[in-house]
Amino acid sequence: MHPVLTLVIQRLALGLLLLLAASVLIFIGTEILPGDVAQAILGQGATEQALHNMRAEMGLDRPAVTRYFEWLFSALQGDLGSALSNGRDIAESIGTRMKNTLFLASVAAAISVPLSIFLGLLAVRYRDRWPDRLISAITLTSISLPEFLLGYIIMYVFSVQLGWFPSVSNINSGMSFGEKLIAVALPALVLTLVVLAHMMRMTRAAILNVMQSAYIETAELKGLRRFTIIARHAMPNSIAPIVNVVMLNLAYLVVGVVVIEVVFVYPGMGQYLVDHVSKRDVPVVQACGLIFATIYIGLNLLADLISILSNPRLRHPK
Amino acid sequence: MNDQLRYYLARAAQGKMGRRAFMGRAAALGVAGATASSLLATAVHAQGPRRGGTLTVGMQGGESTNSLDPALAASQVPFLYNYCAGETLVNIDPQGNLLPKVAEEWSASADAQTWRFKIRSGIKFHNGQTLTAEDCAQTLRRHSNEDSQSGALGIMRGISSIAVEGDTLVLTTTTPNADLPYLLADYHLPIQPNGGMDDPASGIMSGPYKWAENEPGVRHVLERFDDHWDSSVGHFDVIEILVINDATARNSALQSGQVQLINRVEPRVAGLLARAPNVSVESTAGRGHYVFIMHCNTAPFDNNDLRLALKYAIDREDMVDKILRGYGSIGNDMPINAAYPLFDDTIEQRTYDPDMARHYFERSGHSGPIDLRVSEVAFPGAIDAAQLFQESAAVAGIELNIIREPGDGYWSETWNTQPFCASYWGGRPVQDQMYSTAYLSTADWNDTRFFNDHFDELLLQARGELDLTRRKGLYSEMGTLVRDEGGLICPMFNDFIDAHNDQVAGWVANPAAEMMGGQAAIMMWSAV
């Protein structure tokens, strides 16, 4: 078998094992939290009788291990069950939320990834001159501000003062693609500002690293334009670290944007997960956790594969 | 006011002149913007309700776990949408009087134990079915079932039999209860077809709005139900409720005009928000209160001298100033204030008195620090309030040790479990219900562990007392008992602070709850 294929299969198997471990961890986590779903739903109004009735109805009185394996096997068959708190089908609810999250993440990624790589290249081209300094200053400022503050500032300027974009990014199935784009403009802008610096700095550092190599000097002696050298000769050789950082940031755009979702009232996965954690709705938390873990592991796997494939020495081992 | 301005005002109020045009003309006549704006609001209000338009409400208190089953309603968004889609037997108006809704009229037997409600004829459910007395009976039966998870179970326990005689619903209570109709206005109790026994979360009820879209925790859309019997409610064509749990996002949405009405304005920004053009902040004195509660049966709080020491050691005025920023009033260590009917305002107000506190503390013989458990979820500003309490108690030589508990699980692990903690109460429509919920010896939520036989007797006696003067006297005695012997330290009653812009009109303060007692969406109207 081709060594790359073996590697891919190995990685996949490892990924699945990681997923299983993650699901166990999530389950234990939700079990050791104080209170249970019945108490969370009834809140201050809980009486012993109502608690008992609710626990019996939800099957919460059975041992944790039994509940875990039951859930795992039905999840493997694609049945995520229904939410304990409001009886809705989880797969259906998550489906809509997931679509929203992926939409926002895609818009933010479509802007931030090309922009950050381009800015990185530009920074190398004008290294230590004012464009480099300016790019670094702006991106580092935006990453240093807490994201909710950045969100409020942008909301205040573009929504309250100028009135260009809505401050509430509520999207629903009745909206056209264009309307959705306008609705997510502000959160996408904030997310772009948040992830830009990390990817830009890594691109800059990785390319500067290979700029010392002999073949860059050769390219210069051939009389190539400086930007061509950076983009065509330096960049492909520094793809591995860049891809890793890009994937980490993509994963962040999917699983880590709950603060932005709250600030802009965006109906994504983060808010959905937080609501259900506070209600001890174990099946939903499990399902969300599993999806997040899958995305994280999947994107990292992809990053590994791309960096292997981009390196001829790994592609053709002796 | 000169004639020209009056003319413009009338035209603007009738919608014959745009708002912007009116403001321009008013400015030309030398009327400042803020004055013109409030003139217009008054004129629009006087013009009366106008039909049509969409109301978009931005609200805190919605989660993706919300259900359309009224029995499970526990937060602000379900509270509001249940009053849009559903209708209770009776309702309570802003003055505290009972309003006939599904029940047209009612009467009590002389002993206040048998109540007859005549059900209005011709009410239709959203599915076209006619509402009958049997539906009402089934609704109450569902909520009184011990297996139900209804938030109204506590209320229903006092009802021993539910029967139907033609178009009349007959309820018998276990003990005389002069307040029964008030209890049936509870937001958990809108009438459902067959009581919701078949499909509790269908959302099909008899209110002025029917369900169009339901995305829990995100957005709820309701459309006017054209066959609704009452034309005094339901002025907007569509009501859209957006769940905006973040306070700053809610304020921005109101300022940018994306929503016309918001709830839960934070006291510290209410003043600033009121300065924004076109925005009115509505502050309503209510029955909700922020409390520190001690278990009267647990050491060291089983000693009344220590309880009194702590009651004297809290600076109420300071808390209203700093925690509520003036949006509230001071409490008097009993759960009742002037917003309740039959309140006795002659009961002496307890004030901050370090000398008295020291005197009672020394008499109690207690020494060493006292643990006070608190969390940010106990009430807004609870941690700051606990620190103020710590400071004012320290002056009297009482050392409070503040323990910060996680917000997650506070209501199951700390409240009603630990002997001294911070909490809040939303208040109830009548005194009897407040006392029965939390101060009767047998109450489920007796969170101060107040076991006082004399108090229990007075409560039952007051319940059956149809003479209002005598009843007021009984309530006064009960309030004094709780104030002087109970485990409740009540420093403040909080106002409800909501806000709306000038695109909507018809706001009437209602002390029952926020958002005009949950009626804002069905009672307000479009002003554009």
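Residues numbered from 1 in each chain as written. Chains lettered and ligands numbered in written order. Predicted model: local features only at pLDDT ≥ 70, side-chain atom pairs only at ≥ 80, totals over all residues.

J.: Would you explain the overall build of chain A in this entry?
T.: Check the secondary structure of chain A and you find 16 helices and zero strands. The C-alpha extent of chain A, read off along each of the three principal axes, is 85 × 60 × 35 Å. Counting only residues that meet the buried cut, chain A has 37% of its 318 residues in that class. (Helix = DSSP H or I, 4+ residues; strand = E, 2+ residues; numbered from the N terminus. Buried ≥ 20, exposed ≤ 12 C-beta atoms within 10 Å, placed from the backbone.)

J.: Explanation requested: the overall build of chain B in the structure shown.
T.: Helix and strand counts for chain B stand at 19 helices and 19 strands. Over its C-alpha trace chain B gives a radius of gyration of 24 Å, about what one expects of a compact globule, namely 24 Å for 528 residues. With respect to the three principal axes, the spread of C-alpha positions in chain B is 75 × 65 × 45 Å. Counting across all 528 residues of chain B, residues that qualify as buried make up 53%. (Rg over C-alpha atoms; globule rule 2.2 N^0.38 Å.)

J.: I keep staring at the packing of helix α16 (residues 453–463) of chain B against helix α17 (residues 468–485) of chain B and nothing clicks. Help me out?
T.: When two helices pack together, their arrangement is captured by the angle between the axes and the distance separating the axes. Residue and element names in this part refer to chain B. Where α16 contacts α17, the two axes come as close as 9 Å, and the packing angle between them is 155°. For the element pair α16 / α17, the angle class is roughly antiparallel. Crossing of α16 over α17 shows left-handed handedness. Where α16 approaches α17, its residues F455, L458, L459, Q461 and A462 are matched on the opposing element by R471, L474, Y475, E477, M478 and L481. Looking at the contact of α16 with α17 residue by residue, the classes come out as eight nonpolar, one polar and two charged. (Axes fitted to C-alpha atoms, helices over the stretch in contact; angles between N-to-C directions. Parallel < 35°, antiparallel > 145°, perpendicular 65-115°, else oblique. Left-handed = near helix turned anticlockwise from the far one by under 90°. Contact = placed C-beta atoms within 7 Å. Nonpolar A, V, L, I, M, F, W, Y, C, P; charged D, E, K, R; others polar.)

J.: Is there a simple way to think about the interface of chain A and chain B in this case?
T.: Size of an interface, as often reported, equals the accessible area lost when the parts are brought together. Contact with chain A, which involves 39 residues of that partner, is made by 34 residues of chain B. Contributions of two or more residues to the side of chain A that touches chain B are made by α2 (37–42), α3 (48–58), α7 (147–161), α13 (258–263) and α14 (269–278) of chain A. Top contributing element to the side of chain A that touches chain B by residue count: α14 of chain A, with five residues.

J.: Help me understand unusual backbone geometry in this model?
T.: Working note: non-glycine residues mostly have negative phi, and peptide bonds are mostly trans. Residue and element names in this part refer to chain B. The linkage connecting A299 with the following residue, P300, adopts the cis geometry, with an omega of 0°. Residue position: P300 is located in the loop between β12 (279–294) and α10 (304–312). For N194, which is not glycine, the phi torsion reads 50° and is therefore positive. Along the chain, N194 falls in the loop between α7 (180–183) and β8 (209–215). Despite not being glycine, N278 has its phi angle at roughly 70°, a positive value. C-beta crowding within 10 Å serves as the criterion here: with 16 such atoms nearby, N278 is assigned to the partly exposed category.

J.: Looking at this structure, how should I read the environment of G95 of chain A?
T.: In this fold, G95 of chain A is placed in helix α5 (residues 90–125). Residue class for G95 of chain A comes out exposed when judged on the 11 C-beta atoms lying within 10 Å of it.

J.: Sorry, what's going on with the nonpolar core here?
T.: Among the nonpolar cores identified, the biggest contains 203 residues, and L80, C84 and A309 of chain B are the most heavily contacted of them. In terms of residue count, the dominant contributor to this core is helix α9 (residues 185–210) of chain A (14 residues). (Core = buried A, V, L, I, M, F, W, Y, C linked by C-beta atoms within 7 Å.)

J.: I'm lost on the sheet that holds strand β4 (residues 103–108) of chain B in this one. Help?
T.: Within a beta sheet, neighbouring strands are joined by backbone hydrogen bonds and run either parallel or antiparallel to one another. Residues and elements named next belong to chain B. Strand order in the open sheet made by the four strands is β4-β5-β7-β6, with antiparallel pairing throughout. With partners counted over all chains shown, the strands left at the sheet margins are β4 and β6 (159–165), one partner each. Averaged over all pairs of adjacent strands, the angle between their axes in this sheet comes to 20°, without regard to strand direction. Bridge analysis of β6 against strand β7 (residues 168–173) gives six bridges, and the strand direction is antiparallel. Paired with I159 across the two strands is T173, which belongs to β7. Strand contacts of helix α5 (residues 133–144): β5 (114–119), β6 and β7, with the helix running at about 165° to β6, the strand carrying the most contacts. (Pairing = 2+ DSSP bridges.)

J.: I tried to follow the confidence of the model for chain B on my own but got confused; where do I start?
T.: Should pLDDT be low for a region, the predicted coordinates there are not to be read in detail. Averaged over every residue, the pLDDT of chain B is 89; residues scoring 70 or more account for 94%. Of all helices and strands in chain B, the one with the weakest mean pLDDT is helix α3 (residues 33–47) of chain B (66), whereas strand β11 (residues 261–262) of chain B scores best (96). (pLDDT = per-residue confidence, 0-100.)

J.: Got a minute to help me understand the packing of α9 of chain A against helix α12 (residues 239–255) of chain A in this structure?
T.: Residue and element names in this part refer to chain A. For the pair α9 and α12, the least separation of the axes is 9 Å and the interaxial angle reads 170°. The angle between α9 and α12 places the two elements in the roughly antiparallel class. Packed against α9, whose contacting residues are L191, V195, H198, M199, M202, T203 and A206, the element α12 presents P241, I242, V245, V246, N249, Y252 and L253 at the interface. Residue classes in the contact of α9 with α12 are distributed as eleven nonpolar, three polar and no charged.

J.: So what exactly am I meant to see when it comes to α9 of chain A here?
T.: Turn by turn, an α-helix covers 3.6 residues, leaving residues three or four places apart pointing in a common direction. Residue and element names in this part refer to chain A. Between the first and last C-alpha of α9 there are 37 Å, a value that for 26 residues agrees with the 38 Å anticipated at 1.5 Å per step. Along its length, α9 reaches its greatest deviation from straightness, about 35°, at L196. Across the 26 residues that make up α9, a large majority, 19, are buried. (Expected span 1.5 Å × (residues − 1). Bend = angle between axes of the 7 residues up to and from the residue.)

J.: Looking at this model, I keep getting lost on the environment of D432 of chain B. Mind explaining?
T.: Residue and element names in this part refer to chain B. As for its position among the elements, D432 is in helix α15 (residues 431–438). Given 26 C-beta atoms within 10 Å, D432 falls into the buried group. Counting along the chain gives 286 residues from D432 to E146, while the straight-line C-alpha distance between them is 22 Å. Sequence-distant contacts of D432, defined by excluding residues within four places in its chain, comprise D179, A462 and R463.

J.: I tried to follow the pairing of strand β16 (residues 420–425) of chain B on my own but got confused; where do I start?
T.: Across a regular strand the side chains alternate sides, sitting on one face of the sheet and then on the other. Residues and elements named next belong to chain B. The buried count for β16 comes to five of six residues, which makes it a mostly enclosed element. Sheet topology note: the β12/β16 ladder contains six bridges and is antiparallel. Within β16, the position partnered with F292 by the bridge is A422.

J.: Explanation requested: the environment of I154 of chain A in the structure shown.
T.: Residue placement: I154 of chain A occurs in helix α7. Separated by 133 residues in the primary sequence, I154 of chain A and A21 of chain A place their C-alpha atoms 40 Å from one another.

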